[in-house]
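Understanding the architecture of this molecule
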Amino acid sequence: MGSSLLDDECDYLFKTVLIGDSAVGKSNLLSRFAKDEFHLDSKPTIGVEFAYRNIKVGDKMVKAQIWDTAGQERFRAITSSYYRGALGAILVYDITRRVTFENLRKWLHELREYGNRDMVIVLVGNKTDLVESREVEVRDGQSLAQVEDLCFMETSAKENLNVEDAFLQMITKIFEIASQKSLEAKENEASKQVLEGRKEIIYVVDEVTATKHTNCCTL
Ligand code: GTP
Ligand code: MG
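Conventions adopted
Residues numbered from 1 in each chain as written. Chains lettered and ligands numbered in written order. Predicted model: local features only at pLDDT ≥ 70, side-chain atom pairs only at ≥ 80, totals over all residues. Heavy atoms only, no water. Helix = DSSP H or I, 4+ residues; strand = E, 2+ residues; numbered from the N terminus. Buried < 20%, exposed > 50% of the residue type's maximum accessible area, 1.4 Å probe, protein only. Salt bridge = Lys/Arg side-chain N within 4 Å of Asp/Glu carboxyl O. Donors = N, O, S within 2.8 Å, 3.2 Å for Na, K, Ca; no water. Near = heavy atom within 4 Å. Polar contact = N/O pair within 3.5 Å; in protein donor to acceptor, adjacent residues only side chain to side chain. Areas by Shrake-Rupley, 256 points an atom, 1.4 Å probe, with all protein chains shown as cover. 1 Å grid on protein atoms, 1.4 Å probe; cavity = no way out; pocket = protein on both sides within 12 Å on 5 of 7 lines; lining within 4 Å. Sits in = over half its atoms within 2 Å of the grid points. Nonpolar A, V, L, I, M, F, W, Y, C, P; charged D, E, K, R; others polar. pLDDT = per-residue confidence, 0-100. Contact = heavy atoms within 4.5 Å. Points joined across faces, edges and corners; volume = space filled by probe spheres on them. Pairing = 2+ DSSP bridges.

1. Observations regarding the overall build of the chain
Of regular secondary structure, the chain possesses 6 helices and 6 strands. Along the chain, helices and strands appear, N-terminal first, in the series β-α-β-β-α-β-α-α-β-α-β-α. Considering the chain as a whole, with its 219 residues, one finds that 40% of them fall into the buried category.

As structure tokens, this is what we get:
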């Protein structure tokens, strides 16, 4: 679906990544978001796959390019290229397996090591449909998100709960940061012009003084 190039109708291209332990539901969250599909029997991802979706934010069109990697350690030899240029990450754990929550520490470490400093990170506790098997409470996710300064949401890729919201929250936040940066760049450009203008005035004054001086000497 789509190409890696920015389409004519798109104003922004945002690279984002999905990370977290194997079988937490990363690929299904992505297929739900990109194609509205869910597969109960999905296979572990090998290497990297990606999908695109165009989203309207305000009056701009954003192309979200979402990379989905293997959670299994043996397939993860790509780390730095995976994170390169990524503006956002969805960090997923499975609310029915405590170990996937404990491992978030490792994922956060990797994100901080390889990711962009102002990357938007959304923490996602997936599989809320499996109420009976819950091993991680909502408040656990909330407090980790608070401590680590992340956005937080619980989802069910199976029942399509909050999936759209999780991706849209990340994309909207990236958009806000990008707009703020382009505004600051414009302001810097404007103040540079003011400074250059001042330099010209000084230059003109200097020239007048010099002329006067010359006149003075010839008298
Ligand atoms: P890796 O590619 O190995 O890293 O795994 P993954 O994180 O991509 O997991 P994947 O999406 O392949 O899902 C693993 C299993 O969990 C599959 O059997 C899915 O059907 C199931 N699954 C994913 N999301 C949900 C969910 O929200 N609810 C339930 N009940 N099962 C889910
Ligand atoms: Mg996968």
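2. Looking at the pattern of salt bridges
Under the criterion given, the structure shown has 11 salt bridges. Among the ionic pairs, Glu 102 bridges to Arg 98, the shortest N-O distance being 2.9 Å. Of the two residues, Glu 102 and Arg 98 are both situated in helix α3 (residues 98-102); the distance of 4 residues between them amounts to about one turn of the helix. Given the relative accessible area of 43%, Glu 102 is considered partly exposed. Within this structure, Asp 94, Arg 97 and Lys 127 form a network of salt bridges that share partners.

3. Things to note about the coordination of the magnesium ion (ligand 2)
Within the protein, Ser 27 (OG) and Thr 45 (OG1) serve as the donor atoms for the magnesium ion (ligand 2), at 2.0 to 2.1 Å. Placement of the pair is Ser 27 in helix α1 (residues 26-35) and Thr 45 in the loop between α1 and β2 (48-57), with a sequence separation of 18 residues.

4. Focus: the site of ligand 1
In the neighbourhood of ligand 1, 25 residues make up the surrounding shell, with Ser 22, Lys 26, His 39, Thr 45 and Gly 71 lying closest. Note that an oxygen atom of ligand 1 is positioned 2.7 Å from one of the side-chain N or O atoms of Lys 26. Protein coverage of the free-state accessible area of ligand 1, which is 650 Å², stands at 92%. Cavity membership is defined here by more than half of the atoms lying within 2 Å of grid points; on that basis ligand 1 lies in the largest pocket. The dominant element in the shell around ligand 1, judged by the number of residues it contributes, is α1, at 3 residues. Considered class by class, the residues forming the shell around ligand 1 number 8 nonpolar, 11 polar and 6 charged.

5. So, the confidence of the model for the chain
For the chain, the mean per-residue pLDDT works out to 86, and 84% of the residues sit at or above 70. Confidence drops under pLDDT 50 across residues 199-219; counting only partners more than four residues distant or on other chains, this segment forms 0 contacts.

6. Some details on the layout of surface pockets
Of the pockets and cavities examined, the largest pocket occupies roughly 410 Å³. Taken together, 25 residues make up the lining of the largest pocket; nearest its centre are Ala 23, Gly 25, Asn 28, Ser 42 and Lys 127. In terms of residues, the lining of the largest pocket owes the most to one element, α1, which gives 3 residues. For the lining of the largest pocket, the residue count by class is 8 nonpolar, 11 polar and 6 charged.

7. Description of the pairing of strand β1 (residues 12-19)
Note on strand geometry: in a regular strand, side chains alternate between the two faces of the sheet. Counting buried positions along β1 gives 6 out of 8 residues, so the element sits mostly inside the fold. Looking at chain direction, β1 and strand β3 (residues 60-69) are connected through 7 bridges and run parallel. For Thr 16, the partnering residue across the bridge sits in β3 and is Ile 66. With 4 bridges joining them, β1 and strand β4 (residues 88-94) adopt parallel strand pairing. Directly across from Val 17, in β4, lies its bridge partner Ala 89.

8. Here we look at unusual backbone geometry
We note that Ala 23 has phi near 70°; this positive angle belongs to a residue other than glycine. Relative to the helices and strands, Ala 23 resides in the loop between β1 and α1. Given a relative accessible area of 49%, Ala 23 falls into the partly exposed group. Backbone geometry at Asp 36 places phi at a positive 55°, although glycine is not the residue there. Looking at the element boundaries, Asp 36 is found in the loop between α1 and β2. On the basis of relative accessibility, which here comes to 48%, the residue Asp 36 falls in the partly exposed class.

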